[in-house]
Amino acid sequence: MSAVLPTSGRFGAFGGRYVPETLVPALDELEATFQTAWASPEFRQEFDTYLREFVGRPTPVTDCRRISALTGYVLSAKREDLNHTGAHKINNALGQALLAMRMGKKRIIAETGAGQHGVATATVCALFGLKCDVYMGEEDCKRQELNVFRMKLLGARVIPVSSGTKTLKDALNEAMRDWVTNVRDTHYIIGTAAGPHPYPAMVREFQSVIGTEARAQYLERHGVVPDVGIACVGGGSNAIGFFYGFLGDQTRLIGVEAGGHGIETGKHAAPLSAGSPGVLHGSYSYLMQDEDGQVMPTESVSAGLDYPGVGAEHSFLKDTGRVEYTAATDDEALKAFRWLAENEGLIPAFESAHAFALLQRPGLFAPGTRILVNLSGRGDKDMERASQILSL
Amino acid sequence: MPTLADTFAALKAKGEKALVLYVTAGDPSLDQLPAILEALVEGGADVIEVGVPFSDPIADGPTIQASSQRALDRGTRPGDVLEAVTKAQPSVPVVLMGYYNTMLRPGLSSFAQRAKAAGVGGVIVCDIILEEADDWVKVSQAAGIDSVFLAAPTSTPERLRAVATNSTGFVYAVSRTGVTGAAQQAGDEVARLVGDLKGMTDTPVCVGFGISKPEHVAAVCQVADGAVIGSWLVDWLAQNWREGQGRADLVAAVKALKAATLA
Ligand SMILES: Cc1ncc(COP(=O)(O)O)c(C=O)c1O
């Protein structure tokens, strides 16, 4: 099997490794371990077995008949919400935990925003008996209290991060610092397709099960690939995994970032829509930054999308034009959240609701367009927040 | 300002080791920087690292993180830092220390030329490794600025050799696997690291991260060409420097550190 990682760690101009020297040997080790494992049938089988028997894959594709009738589109959803722990995050957490064990690392650290990646990581650590420390911004600990409890219940330690903006970006900073300090016995499971090489490509490979399954399922049901594929983009892991199944097709692919209060207000988390390339968290990619290169604060109702950077491969796909990127505002996402619940019996995570929000924009697609949306996670974690925002 | 090469050559001729001190530009406020640098030089600093504050300093521990944040909250901008260095013109080399994005944003060439014009002798980029440094090395060489690279206890022999041979001005040996921050003890891995590096290059080797006391400085200077102190000084300034008040104490403390390099 050929190497799946670009050896330079670059996607066009994007990606690379901008890290303290201390981490380089660990990144090299991770890259080598991943390359060997991913090319090994035994590892693939082990990964697939856990995905099937523990995570509950394959997740189905569900046709959304009522919203199809309402909009005139032919809408289906890839049901990553049905994964164990409620989101796609566990595909990657599982893969990386298996690698950590191959490297003989007994301690796992992770960052989390919405708490979904933290819960997924805590879950696989409990499964394998690994020690688990999760960094989470203080602000997010408040927004996602239930997930903090879940992680603790799973035996993980949750470390609130009070520096900077107290959200996902700062949790990532703290996790990086921990890794720099404890790199010899610790593996850092980054929760998204961002970070230094080899993370973006490795996380994509672990998440590509989404797109591979979705394409085959859709073909089987509809006899063709979808005209349009839509996914929300935080750091970009669910989107890249989903898009990867369709890059070779004619399918029009659209990534939806967090528009917060609206791109024009500056209060958003949409680096691809309104940022510029720069270096954050070890990688050269689109970034929300000021004219001095300082990273700007972000704003989104969804903790999992509230991140100023994005995975390098998305920057590449944006610049090549293969994938289009747009943003949905908090209001649009909340409207879609309710719409999907009432009309399909599907309660999406706030993150995933951003992807569905495009369907409510009048005339965005021609009637009859076949659309497949990646429903990256379920909304259980957002119930408390939703009950505060929506009056029913 | 003298070059790093001249400074280390002069120290060597005298049989001395370098006291390298780090301050975050903008903490205390930037208008204090010239006075602070003057006091450090009077106390015996041989090289001064001026930190350019960045919003996401992943290689820094709590002290320098907090200091960078205070500097940013005061509105400290990279251009203003260079202006303050221009104004200060200390009699020892100034090395900028910071993160790649603040250099990339204005453009590497423009950054290097402005730094050179301000009298800066070298630059340390905390989040750049040799593999990613081609552009910066070209630009800094063209501008006549030294590029100081870091060597870590985890670096493989091949990497150490690459760092040793590509670093100019001095080589920055990181004393421990970890981020910046004052420690109770200097790392024990450092003697081997410095020994390895010195076997690979004639460029001076200075040790930093976790050094805060005269004893650490003395221990490090047994093996290395200099010791870098950051977090301790950053803390001291935040607590004691009030518009020049505390200057005499600062000079005395720096003198004690310089004395330790000679011990
Ligand atoms: C359900 C769900 N979707 C999407 C995301 C965003 O992450 P990514 O862009 O990596 O898929 C998150 C992050 O927490 C999430 O929980």
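Quick caveat, the model's predicted, so the values are computed rather than measured. (Residues numbered from 1 in each chain as written. Chains lettered and ligands numbered in written order. Predicted model: local features only at pLDDT ≥ 70, side-chain atom pairs only at ≥ 80, totals over all residues.)

(A) Representation of the overall build of chain A within the structure. Looking only at helices and strands, chain A has 15 helices and 15 strands in total. Put simply, chain A has 392 residues, and 63% of those count as buried. Across chain A, every contact between residues at least 6 apart in sequence was considered, and the portion connecting residues at least 24 apart equals 74%. (Helix = DSSP H or I, 4+ residues; strand = E, 2+ residues; numbered from the N terminus. Buried ≥ 20, exposed ≤ 12 C-beta atoms within 10 Å, placed from the backbone. Contact = placed C-beta atoms within 7 Å.)

(B) Structural detail: the overall build of chain B. When you go through chain B residue by residue, the secondary structure sums to 12 helices and 9 strands. For 263 residues, the compact-globule estimate of 2.2 N^0.38 gives 18 Å, and chain B sits close to it at 17 Å. Once the C-alpha set of chain B is aligned to its principal axes, its extents read approximately 45 × 40 × 35 Å. Counting the 263 residues in chain B, one finds 58% classified as buried. Across chain B, contacts joining residues at least 24 apart in sequence account for 76% of those joining residues at least 6 apart. (Rg over C-alpha atoms; globule rule 2.2 N^0.38 Å.)

(C) How the structure looks around helix α12 (residues 312–320) of chain A. Within α12 of chain A the residues assigned to the buried category are Ala312, Glu313, His314, Ser315, Leu317 and Lys318 of chain A. Directly beyond the C-terminal end of α12 of chain A, a positive phi value near 85° is found at Gly321 of chain A.

(D) Just the nonpolar core, in detail. Formed by 217 residues in total, the largest nonpolar core has its most connected members in Ala151, Tyr172, Ala173, Cys206 and Ala227 of chain B. Among the elements that take part in this core, helix α9 (residues 199–222) of chain A stands out by supplying 9 residues, more than any other. Both domains that furnish three or more residues to this core are identified here as domain 1 (17–52 + 89–199) and domain 2 (58–87 + 209–389) of chain A. What Tyr172 of chain B contacts, discounting residues up to four positions off in sequence, is Ile124, Val148, Phe149, Leu150, Ala151, Cys206 and Gly208 of chain B. (Core = buried A, V, L, I, M, F, W, Y, C linked by C-beta atoms within 7 Å. Domains from an automatic or database assignment.)

(E) A look at the interface of chain A and chain B. Contact with chain A, which involves 27 residues of that partner, is made by 31 residues of chain B. Among the elements of the structure, α1 (24–38), α8 (168–182) and β12 (276–280) of chain A are those that each provide at least two residues to the side of chain A that touches chain B. In terms of residues, the side of chain A that touches chain B owes the most to one element, α8 of chain A, which gives 6 residues. Split into classes, the residues belonging to the side of chain A that touches chain B amount to 11 nonpolar, 10 polar and 6 charged. (Nonpolar A, V, L, I, M, F, W, Y, C, P; charged D, E, K, R; others polar.)

(F) Local environment of unusual backbone geometry. Note the cis peptide between His197 of chain A and Pro198 of chain A, where omega equals 15°. Here Pro198 of chain A shows up in the loop between β8 (186–189) and α9. Looking along the chain, the bond that leaves Asp27 of chain B and enters Pro28 of chain B is cis, with omega of -5°. Positionally, Pro28 of chain B belongs in the loop between β1 (18–24) and α2 (33–43). With a phi angle near 75°, Thr85 of chain A is a residue other than glycine that sits in the positive phi range. Positionally, Thr85 of chain A belongs in the loop between β4 (74–79) and α4 (89–102). By the C-beta count within 10 Å, which is 24 here, Thr85 of chain A ends up buried. Residue Gln89 of chain B is not a glycine yet carries a positive backbone phi of 35°. Along the chain, Gln89 of chain B turns up in the loop between α4 (78–88) and β3 (94–98).

(G) Here's a closer look at the site of the ligand. Residue and element names in this part refer to chain A. Residues in contact with the ligand amount to 22 residues; listed here are only the nearest, Gln116, Gly234, Ser237, Gly304 and Gly377. Considering every element that reaches the shell around the ligand, the biggest residue donor is helix α10 (residues 237–243), with 3 residues. Within the shell around the ligand, the residues separate by chemical class into 7 nonpolar, 13 polar and 2 charged. In terms of domain composition, the shell around the ligand takes at least three residues from each of domain 1 (17–52 + 89–199) and domain 2 (58–87 + 209–389). (Near = placed C-beta within 6 Å.)

(H) Representation of the domain arrangement of chain A in the model. Residues and elements named next belong to chain A. Taken domain by domain, chain A consists of domain 1 (17–52 + 89–199) and domain 2 (58–87 + 209–389). Counting from both sides, the interface comprises 32 residues of domain 1 and, opposite them, 33 residues of domain 2. Those elements giving two or more residues to the side of domain 1 that touches domain 2 turn out to be α4, α5 (116–128), α6 (138–143), α7 (145–153) and α8. Split by residue class, the side of domain 1 that touches domain 2 holds 14 nonpolar, 12 polar and 6 charged.

(I) Quick look at the pairing of strand β8 (residues 205–208) of chain B. Residues and elements named next belong to chain B. Here β8 shows two buried faces, one formed by Val205 and Val207 and the other by Cys206 and Gly208. By the bridge criterion, 4 bridges tie strand β7 (residues 171–174) to β8 in an arrangement that is parallel. Looking at the pairing, Ala173 lines up with Val207 of β8. With 2 bridges connecting them, β8 and strand β9 (residues 226–229) associate as parallel partners. When the bridges of β9 are listed, Val207 appears paired with Ala227. Following the chain from β8 across helix α10 (residues 214–223) to the adjacent parallel β9, one finds a crossover that is right-handed. (Pairing = 2+ DSSP bridges. Right-handed = clockwise from strand over helix to strand, strands pointing away.)

(J) Quick look at helix α9 (residues 190–198) of chain B. Residues and elements named next belong to chain B. The set of residues buried in α9 consists of Val190, Leu193, Val194 and Leu197. End-on, the buried residues of α9 take up no more than an arc of 95°, which puts them together on one face. If you follow the buried residues of α9, they end up packed against β6 (150–151), α8 (157–166), β7, β8 and α10. (Arc of directions from axis to C-beta.)

(K) Layout of the environment of Thr33 of chain A. Residues and elements named next belong to chain A. Tracing the backbone through its elements, the reader meets Thr33 in helix α1. The spatial distance from the C-alpha of Thr33 to the C-alpha of Ser208 is 19 Å, given a sequence separation of 175 residues. Setting aside anything within four residues of it in sequence, one finds Thr33 in contact with Leu99, Arg102 and Met103.

(L) Expanded view of the sheet that holds strand β2 (residues 47–51) of chain B. Residues and elements named next belong to chain B. With parallel pairing, the 9 strands of this open sheet are ordered in space as β5-β4-β3-β2-β1-β9-β8-β7-β6. Looking at strand neighbours, the two that pair on one side only are β5 (146–148) and β6, the edges of this open sheet. One ladder, built from 5 bridges, connects β1 with β2; its direction is parallel. Bridge pairing in β2 links Thr24 to Gly51.

(M) Seen up close, the packing of helix α2 (residues 41–55) of chain A against α4 of chain A. All names here are of chain A. Running from N to C, α2 and α4 point in directions that differ by 135°, and their axes come no closer than 10 Å. Considering their axes alone, α2 and α4 lie oblique with respect to each other. Handedness of the crossing formed by α2 with α4: right-handed. Residue-level inspection shows Glu46, Phe47, Tyr50, Leu51 and Val55 of α2 in contact with α4, the latter providing Ile90, Asn91, Leu94, Gly95 and Leu98. Residues that form the contact of α2 with α4 fall into these classes: 7 nonpolar, 2 polar and 1 charged. (Axes fitted to C-alpha atoms, helices over the stretch in contact; angles between N-to-C directions. Parallel < 35°, antiparallel > 145°, perpendicular 65-115°, else oblique. Left-handed = near helix turned anticlockwise from the far one by under 90°.)

(N) Spotlight on the packing of α5 of chain A against α7 of chain A. All names here are of chain A. One can describe the packing of α5 onto α7 by two numbers: an axis separation of 9 Å at closest approach and a directional angle of 10°. Between α5 and α7, the angle is such that the two are roughly parallel. Here Gln116, Gly118, Val119 and Ala122 of α5 come into contact with α7, specifically with Asn147, Arg150 and Met151.

(O) Here's a closer look at the pairing of strand β14 (residues 323–329) of chain A. Residues and elements named next belong to chain A. For β14, the tally of buried residues reaches 6 of 7 residues, placing the bulk of the element in the interior. Where strand β10 (residues 252–262) and β14 come together, 7 bridges link them in parallel fashion. Residue Gly255 lies in a different strand from β14, and its bridge partner there is Tyr325.

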